[in-house]
Amino acid sequence: MTQEKPIKPDKILKELSEIWSSMAKPDDTQAGDTSAQGGGVLRACAMTLISFVDDEEDSQSLNETLAGLMKEHPSRSVVVRLREGEDFLDARVFAQCWMPFGHRRQICCEQIEITSSMNRLADVAAIVGPLAVPDLPRVILLRSARIVRAGALRKILPLGDKIIVDSNRAGAPCFGELGGLLDAGHITGDLAWTRITGLRALLAGLLDNGIPGSINIEYSGREAGPEARYMEAWLESALPATKVGLKGSGGDGRGGISGIAVDEDLRIRLNDGGAEYDMHGMHQRASMSKCTDEELLNVELGIVIHDPVFEQALNRITA
Amino acid sequence: MSPETSLQDPLRFHRKSPPCAVVIYGANGDLTKRKLMPALYRLAYEGRLAPGFAVIGISRTAMSNDEFRERMHDSVKKFLEDSPFDEDLWKSFAQGLFYLAGDVADPQSYQALVKTLAEVEDSRKTEDNALFYLSTQPSQYAEIAEGLAAAGLNKGQGWRRIVIEKPFGHDLQSARELQGRLEKCFHENEIYRIDHYLGKETVQNIMAFRFGNGIFEPLWNRTYVDHVQITAAESIGVEGRGAYYQEAGALRDMIQNHLLQVMATVTMEPASSFTSDAVRDERAKLLRAIRIMRPDQVAANAVSGQYGPGRSGSEQVPGFRQEKGVDPESQTNTYAAVTFLVDNWRWAGVPFYIRTGKSLPKRVTEIAIQFRTAPLAMFRKATAGAEALPNVLILRIQPEEGISLNFVSKRPGSGMQLRPVSMDFNYGSSFGERSPSAYETLLLDAIGGDATLYTRQDMVEASWQAVQPILDYWSTQKFDFPNYAAGTWGPQAADEMLARWGHTWRRP
């Protein structure tokens with residue numbers, strides 16, 4: 001049996017530094033290309049993004065999402081892949097680079113990947129802490145169901161200033177756990193809440209001139225999904241005099257919002273990439289984000305402070 | 001909590017814009033097709049417009065609403081930048097587009113507009129808010145404003161605003177005359193003078209850079225700044241706009257408005273708050289502090305140029321006088337460079353060099369703030385002059401928006417060899433986020449009643465006052481044009497102007 005090499009933050013940081021040094025050197029294969037020689041790479045960093053994922057998660061898809069985020073939120077990215085089984089801990093570093101269209105220089109961001117067995121989670125925390133970029137926000141993206149199942153959520157919280165979950169994912173923390181995070185003062189984000197931002201903004205615009213008597217949130221599936229629950233809680237908080245209801249259309253599972261009916265006057269129907277409704281006798285369409293993970297995370301990473309509207313809605317659900 | 005605010009989420013929702021009708025005069029023109037309509041569509045795409053939003057296009061060409069919608073559809077598809085085109089969204093957006101054929105000189109056209117606005121208000125519920133956007137010849141601004149007022153369109157149940165594009169007059173006197181006619185029709189706070197440079201993301205970023213950070217402002221004064229160079233260079237010539245350009249020239253076209261506004265943004269005092277009047281008061285104060293040249297000072301402090309035939313890259317290009325529609329004996333300046341001084345405590349004695357020109361070697365707009373050199377050259381013996389290089393902070397506006405700081409650093413190895421290095425922050429590529437176009441920003445501001453990025457009449461007059469002595473002096477001169485070849489950095493006299501101060505132009 002080979003002895004496991006110790007993982008030290010200093011060594012990881014040195015490897016990162018070496019990567020930057022090597023990338024700053026001109027590429028021999030482009031020796032004749034003076035623009036490439038003079039171009040080099042451009043470093044940018046606005047935060048440390050620490051993603052906890054289960055080892056089974058498709059790494060290519062995750063890396064594509066993280067690379068997409070770097071355009072708006074250039075970060076030092078630390079991905080912690082968690083697995084069951086025997087004692088295991090390993091780390092590697094690499095850089096993610098892309099050449100923006102029409103530019104001479106690549107933009108590069110650092111990525112550190114740590115693979116660990118669950119029983120080494122405490123070691124992971126000891127390694128990740130010193131790897132965070134000083135003075136910049138640290139955000140945890142929690143996609144690991146293992147951590148939630150193991151009740152280890154609180155072990156990783158000290159690593160970040162904000163934790164982002166997606167209640168729509170299998171194995172995500174329940175509303176009660178999220179409420180507990182709020183009670184403990186943690187900045188929390190939920191992509192299920194982010195997903196309804198466009199619809200909330202549309203409703204806020206349409207309901208500007210009066211308080212409706214009733215609003216019905218229609219969802220597909222047998223049980224209201226987190227988006228429908230958040231929408232209900234938000235409307236109840238914002239419009240205490242309005243009767244807010246949830247109405248399922250049947251089918252399996254927890255469904256997303258399919259439409260919203262306001263009194264007898266307004267009915268918003270959601271379809272691919274937009275919302276449609278009739279107003280003043282005219283059919284209207286509002287464009288909405290497709291809500292990819294990348295789009296949703298771009299929004300959440302831009303908010304590293306307490307979000308009172310979200311917290312009010314979450315507190316209402318957990319009350 | 002009021003019903004208006006209870007559903008709002010300022011952290012996540014975009015600023016709400018009120019319902020309104022935007023009435024565009026010159027709706028068949030280039031600006032409408034290339035800039036205004038793509039910007040409005042993009043705002044609709046982002047959900048920034050109220051559901052009752054409407055556009056009424058006016059021009060002399062006869063066409064139906066549907067024909068107008070069809071033309072705008074093609075224009076938006078063609079000129080929309082960095083955004084997908086959504087046909088379904090267009091259908092919804094296009095329901096709010098209306099067209100009215102009319103001549104601005106015909107009083108009946110304003111009566112027709114009264115009727116159309118009432119119909120649009122009825123169908124779109126615009127709350128009688130109207131924004132009149134004059135995308136016409138500047139000579140028609142006053143006439144249209146008077147026509148609107150005569151028809152009672154300058155007042156309504158909702159708000160009324162009028163947007164005009166530069167130039168605001170062609171000299172100080174005509175600017176005052178224009179204002180005299182406009183202010184009889186609209187209040188000053190209803191007149192929005194657009195300077196699209198101020199809507200550029202990177203120009204706004206100058207304020208964030210200066211006033212959002214604590215470390216730069218203490219250096220931002222005559223004690224530490226040696227001089228400032230503002231460059232707005234175009235690599236192309238007038239390219240078919242010769243007839244228009246011949247009447248304007250570089251000083252009027254760029255320096256009097258865009259570049260003096262940029263200079264004011266770089267040099268103004270911090271406003272007490274980020275509100276429209278507080279910011280504009282500071283800009284106006286700075287513009288008023290620009291020293292007005294005496295006629296005998298103009299020759300030494302302002303250089304006029306015109307390009308002759310030359311090479312742009314590998315291509316042979318004609319001179320200005322060979323361009324279509326240009327007088328072969330034209331005295332129009334296609335290049336202007338001016339040394340301005342600012343008479344206030346912060347900037348006394350610091351020269352501000354502003355230059356702009358057509359057919360220069362590259363397209364670049366930047367502000368370079370050159371700091372004084374270190375007071376003691378302690379590494380002099382071990383350097384090849386690098387230590388004497390001053391620190392330069394460069395605010396790049398286009399094409400690669402960003403900020404660079406040039407400083408000296410020790411070369412790796414034994415000994416104390418210094419070399420200059422550049423530390424770059426590239427705004428566009430450090431953040432891959434799409435920046436709104438200047439017109440998106442400015443239209444949304446006008447609809448929302450925020451005039452921070454719009455020019456006020458006192459600013460317009462202060463700018464004209466700063467350049468008027470130069471215009472007056474140049475009008476008495478016969479220049480030996482052309483005095484620079486296309487593809488070069490302008491006339492020799494511009495280099496000599498800086499040399500008198502012991503400075504040289506940067507090569508951006």
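Residues numbered from 1 in each chain as written. Chains lettered and ligands numbered in written order. Predicted model: local features only at pLDDT ≥ 70, side-chain atom pairs only at ≥ 80, totals over all residues. Heavy atoms only, no water.

### Comments concerning the overall build of chain B
Looking only at helices and strands, chain B has 17 helices and 18 strands in total. The C-alpha radius of gyration computed for chain B amounts to 25 Å, which stays within 12% of the reference 23 Å derived for 508 residues, consistent with globular compactness. Reported as C-alpha extents along the three principal axes, the dimensions of chain B are approximately 80 × 60 × 45 Å. Counting across all 508 residues of chain B, residues that qualify as buried make up 55%. Total accessible area on chain B stands at roughly 21800 Å², and carbon and sulfur atoms take up 52% of it. The distance from the centre of the 57 positive side-chain charges to the centre of the 61 negative ones in chain B is 6 Å. (Helix = DSSP H or I, 4+ residues; strand = E, 2+ residues; numbered from the N terminus. Rg over C-alpha atoms; globule rule 2.2 N^0.38 Å. Buried < 20%, exposed > 50% of the residue type's maximum accessible area, 1.4 Å probe, protein only. Areas by Shrake-Rupley, 256 points an atom, 1.4 Å probe, with all protein chains shown as cover. Lys, Arg positive; Asp, Glu negative; His and termini not counted. Charge placed at Lys NZ, Arg CZ, Asp CG, Glu CD.)

### Here's the deal with the pattern of salt bridges
Side chains that carry opposite charge are capable of pairing whenever their charged atoms lie near each other. In the structure shown here, the tally under the stated rule is 51 salt bridges over all chains. Close ionic contact of Asp55 of chain A with Arg83 of chain A constitutes a salt bridge, the shortest N to O distance being 3.1 Å. Taken as a pair, Asp55 of chain A in the loop between strand E2 (47-54) and helix H3 (59-72) and Arg83 of chain A in strand E3 (residues 75-83) lie far apart in primary sequence, 28 residues in all. On the basis of relative accessibility, which here comes to 28%, the residue Arg83 of chain A falls in the partly exposed class. Two residues, Arg143 of chain A and Asp293 of chain A, come together in a salt bridge whose shortest N-O distance is 3.2 Å. You can see Arg143 of chain A sitting in the loop between strand E6 (138-142) and helix H5 (145-149) and its partner Asp293 of chain A sitting in helix H11 (residues 293-301), a full 150 residues away along the chain. The class for Asp293 of chain A is partly exposed, based on a relative accessible area of 24%. Bridged by salt links that share partners, the residues Asp277, Arg280, Asp281, Arg288, Arg456 and Asp458 of chain B form one connected network. (Salt bridge = Lys/Arg side-chain N within 4 Å of Asp/Glu carboxyl O.)

### Side note on the sheet that holds strand E6 (residues 191-194) of chain B
Sheet strands pair by backbone hydrogen bonding; their relative direction is either parallel or antiparallel. Residue and element names in this part refer to chain B. Across the sheet, which stays open at both edges, the 6 strands sit in the order E3-E2-E1-E4-E5-E6 with parallel pairing between neighbours. Two strands bound the open sheet, and with one partner strand each, they are strand E3 (97-101) and E6. Adjacent strand axes in the sheet meet at a mean angle of 20°, parallel and antiparallel pairs treated alike. In this sheet, strand E5 (residues 160-165) lies alongside strand E4 (residues 130-134) in parallel orientation, the contact comprising 5 bridges. In the strand pairing of E5, Leu131 is matched with Arg161. (Pairing = 2+ DSSP bridges. Axes fitted to C-alpha atoms, helices over the stretch in contact; angles between N-to-C directions.)

### Considering the sheet that holds strand E13 (residues 257-262) of chain A
Residue and element names in this part refer to chain A. The strand order across the open sheet formed by 6 strands is E11-E9-E13-E14-E15-E16, and the pairing between neighbours is mixed. Where the open sheet ends on each side, the last strands, each with one partner, are strand E11 (243-248) and strand E16 (282-287). When strand polarity is set aside, the average angle formed by the axes of neighbouring strands in this sheet is 20°. For strand E15 (residues 274-279) and E16, the ladder comprises 6 bridges, and the chain directions are antiparallel. Counted as the bridge partner of Asp278 is His283 from E16.

### Section: the confidence of the model for chain A
Averaged over all residues, the pLDDT of chain A equals 85, while 88% of them reach at least 70. Contacts for the low-pLDDT stretch residues 29-39 of chain A, under 50 throughout, to residues beyond four places or in other chains number 8 contacts. (pLDDT = per-residue confidence, 0-100. Contact = heavy atoms within 4.5 Å.)

### Comments concerning the packing of aromatic side chains
All names here are of chain B. For the coordinates displayed, the defined rule picks out 25 aromatic pairs over all chains. Summarising the aromatic geometry, the rings of Phe68 and Tyr99 are spaced 5.2 Å apart at their centres and angled 35° between planes, so their arrangement reads as tilted. Of this pair, Phe68 sits in helix H3 (residues 65-79) while Tyr99 sits in strand E3, placing them 31 residues apart in sequence. You'll find Phe68 and Tyr99 in the same group, each marked buried. Measuring from ring centre to ring centre gives 6.0 Å for Phe85 and Trp90, while their planes differ by 35°; the resulting arrangement is tilted. Take Trp90: its relative accessible area is 6%, and that puts it in the buried class. (Phe/Tyr/Trp six-rings, centres within 6.5 Å; stacked < 30°, edge-to-face > 60°.)

### Description of the packing of helix H10 (residues 226-238) of chain A against helix H12 (residues 308-318) of chain A
Residue and element names in this part refer to chain A. Relative to each other, H10 and H12 sit at 105°, their axes nearing to 8 Å. Judged by the inter-axis angle, H10 sits roughly perpendicular to H12. Where H10 approaches H12, its residues Arg229, Tyr230, Ala233, Trp234, Glu236 and Ser237 are matched on the opposing element by Val309, Phe310, Gln312, Ala313, Leu314, Arg316 and Ile317. Residue composition of the contact of H10 with H12, by class: 8 nonpolar, 2 polar and 3 charged. (Parallel < 35°, antiparallel > 145°, perpendicular 65-115°, else oblique. Nonpolar A, V, L, I, M, F, W, Y, C, P; charged D, E, K, R; others polar.)

### Focus on the nonpolar core
Leu113 and Phe340 of chain B are the most contacted members of the largest nonpolar core, which has 151 residues in total. With 10 residues, helix H11 (residues 250-267) of chain B is the single largest residue contributor to this core. Leaving out residues up to four positions away in the same chain, Leu113 of chain B has contacts with Val23, Tyr25, Ile56, Ile58, Leu100, Phe132, Leu148 and Leu153 of chain B. Ranked by size, the runner-up nonpolar core spans 72 residues in total, among them Leu82, Leu181, Leu199 and Phe310 of chain A. (Core = buried A, V, L, I, M, F, W, Y, C linked by side-chain atoms within 4.5 Å.)

### Remarks on the pairing of E3 of chain B
Residues and elements named next belong to chain B. Of all 5 residues that make up E3, 4 are buried, and the element is covered over most of its length. In this structure, strand E2 (residues 54-59) lies alongside E3, joined through 5 bridges in parallel fashion. Bridging from a neighbouring strand, Gly57 pairs with Tyr99 of E3.

### Some words on the side chain of Gln261 of chain B
Along the polypeptide, Gln261 of chain B turns up in helix H11. In contact with Gln261 of chain B, other than residues within four places in its own chain, are Asp195, Leu198, Arg283, Leu287, Thr455, Met459 and Ser463 of chain B.

### Structural notes on the domain arrangement of chain A
Residues and elements named next belong to chain A. For chain A, the assigned domains are domain 1 (9-191) and domain 2 (196-287). Counting from both sides, the interface comprises 5 residues of domain 1 and, opposite them, 5 residues of domain 2. Counting each side, the surface lost to burial between domain 1 and domain 2 is near 470 Å², with a carbon and sulfur contribution of 48%. When the buried surface of domain 1 facing domain 2 is broken down by residue, Ser167, Asn168 and Phe175 rank first, second and third, together holding 80% of it. The tally of links between domain 1 and domain 2 comes to 0 salt bridges. There are 2 residue pairs in polar contact (both at pLDDT 80 or more) connecting domain 1 and domain 2. Partitioned by chemical class, the residues of the side of domain 1 that touches domain 2 number 2 nonpolar, 2 polar and 1 charged. (Domains from an automatic or database assignment. Buried area = accessible area lost by both parts, 1.4 Å probe. Polar contact = N/O pair within 3.5 Å; in protein donor to acceptor, adjacent residues only side chain to side chain.)

### Let's talk about helix H4 (residues 87-94) of chain B
Three or more residues of H4 of chain B are buried, namely Leu89, Trp90, Ser92, Phe93 and Ala94 of chain B. Looking at where H4 of chain B begins, the residue whose side-chain oxygen comes 2.9 Å from the main-chain nitrogen of Asp88 of chain B is Asp86 of chain B.

### Some details on the environment of Glu165 of chain B
All names here are of chain B. Positionally, Glu165 belongs in strand E5. For Glu165, a relative accessible area of 11% puts it in the buried group. If we skip the residues at most four places from it in the chain, Glu165 touches Leu31, Tyr133, Leu134, Tyr141, Ile194 and Tyr439. Here the side chain of Glu165 touches Tyr439 through a polar contact of 3.0 Å, side chain to side chain.

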